[in-house]
Amino acid sequence: STSVRQAIEYSKIIYDMFVRRELIKISEQTIDSAKLNELDTNGQNIIENSERLLFDLAEKGSFSSSLVKFDDAMKQTIEMASAAYKNEGGIVGVPTGLKDLDDKLGGLHQSDLIIIAGRPSMGKTSFAMNLAQNVSKRNKLPVCYFSLEQSREQMSYRFLSMGLGIESGRLRTGRLQQDEWGLLAKEKEDLAEVPIFICDKGSIKVKEMFSKCKKIKDKQGLGKLGLVVVDYIQTVSYTHLTLPTKA
C-alpha cells in the first residue's frame, strides 16, 4: 500500500540523516585528534582510527545483507556446485595454478582462511609465493603479500629466482652466465606486469593490514582482490597485544 511505501522511504531518510550526523562526529573527532600534540599518537594512528570508525559506520547498515535464510544459502551452494560442474576444471573460486590443490579446494574462495603449517625450512614461504604469483599472473587479480620476516629486497630476489630457476645466492652475488643476464631482464619485465604488492613492515597491526588491502582492492583491483598472504601470522599485532612467535 501507499502508506507502507511511504514508511519505507521515510525510514530511509531517517537512516540517511543518522549517517550524516555520525559522519560529522567522526570528522570532528579526527580534527580534535589532529590538533592534539600527544606523544603516543601520530598521524598514522589518527588515519587508522578514522578509517576504522568509517568502516564501522558503513557496516551498521549491512545487517540484513549478512543474515540470510537457510533456503537462500542452499540455493547459492547449489548454484556454485552447478557452476563447478559446467566448468571444465571443476573450479568456481580463484584457480591457484596447482592442479592437485585446485582439485581439493575447487580454487580459492572469499571466505577461505588457509594456514600453511610445517617445520622450519620446509618451504612454506616458497609455497605461499607460488600461490601469490600464480593467482596474480593467471587471473590478473591483485595480491597483497605481507612479508613480516623478510624484506622486500629479499622477496624480490626470491621471486626472480623462482621464475628463472636460478639459486637466489647467485643472483645476490651476480654470479650469472652470459645468457642468464638476458633471461633475468626478461623475467624482470614479466614480473613488473604482475599485480603483487609487498609490505615488509614488521609487527604490523590487523587494522593497518585491512586498510592497505582495501586501498589495493579499490584502486588496483576494481573492487576485487585475488589473495592476501601473511608471512608469518604469529608476528601480527592486534591493538596493544602482540601474538607470541612460539606455541
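Residues numbered from 1 in each chain as written. Predicted model: local features only at pLDDT ≥ 70, side-chain atom pairs only at ≥ 80, totals over all residues. Heavy atoms only, no water.

### A closer look at helix α6 (residues 124–139)
Counted at 1.5 Å a residue, the expected span for α6 with its 16 residues is 22 Å, and the 22 Å between its end C-alpha atoms agrees. Inspection of α6 places Thr125, Ala128, Met129, Leu131, Ala132, Gln133, Asn134, Val135 and Ser136 among the buried residues, and these make up the whole buried set. Of the surrounding elements, those touching the buried residues of α6 are α5 (99–105), β1 (143–147), α7 (152–164), α9 (178–192), β2 (196–199) and β3 (227–231). Directly beyond the C-terminal end of α6, a positive phi value near 55° is found at Lys140. (Helix = DSSP H or I, 4+ residues; strand = E, 2+ residues; numbered from the N terminus. Expected span 1.5 Å × (residues − 1). Buried < 20%, exposed > 50% of the residue type's maximum accessible area, 1.4 Å probe, protein only. Contact = heavy atoms within 4.5 Å.)

### Focus: helix α10 (residues 206–219)
With 14 residues, α10 extends 20 Å from end C-alpha to end C-alpha; this agrees with the ideal 20 Å at 1.5 Å per step. Within the span of α10, buried status applies to Glu208, Met209, Ser211, Cys213 and Ile216. Where α10 is buried, its residues meet α2 (43–60), β1, β2 and β3.

### Overview of the pattern of salt bridges
In the structure shown here, the tally under the stated rule is 12 salt bridges. Of the charged contacts in the structure, one is a salt bridge between Arg20 and Asp16, with a shortest N-O distance of 2.8 Å. Residue Arg20 and its partner Asp16 are located together in helix α1 (residues 2–35), separated by 4 residues, close to a single helical turn. The partner of Lys214 in a salt bridge is Asp218, and the shortest N-O contact between them spans 3.0 Å. Linking Lys214 with Asp218, this pair stays in helix α10, spanning 4 residues, or about one helical turn. (Salt bridge = Lys/Arg side-chain N within 4 Å of Asp/Glu carboxyl O.)

### Considerations on the confidence of the model for the chain
For the chain, per-residue confidence averages 82 on the pLDDT scale, and 88% of positions sit at 70 or higher. Throughout residues 240–247 the model reports pLDDT below 50, and contacts reaching past four residues in sequence, or to other chains, amount to 8 contacts. (pLDDT = per-residue confidence, 0-100.)

### Some thoughts on the nonpolar core
Membership of the largest hydrophobic core comes to 22 residues, with the highest contact counts inside it found for Val135, Val143, Tyr145, Phe159, Ile196, Leu227 and Val229. Elements supplying a minimum of two residues to this core: α6, β1, α7, α9 and β3. The leading source of residues in this core is α6, at 5 residues. Core analysis: the next-biggest nonpolar cluster, separate from the first, contains 9 residues, Phe146, Leu148, Cys213 and Val236 among them. (Core = buried A, V, L, I, M, F, W, Y, C linked by side-chain atoms within 4.5 Å.)

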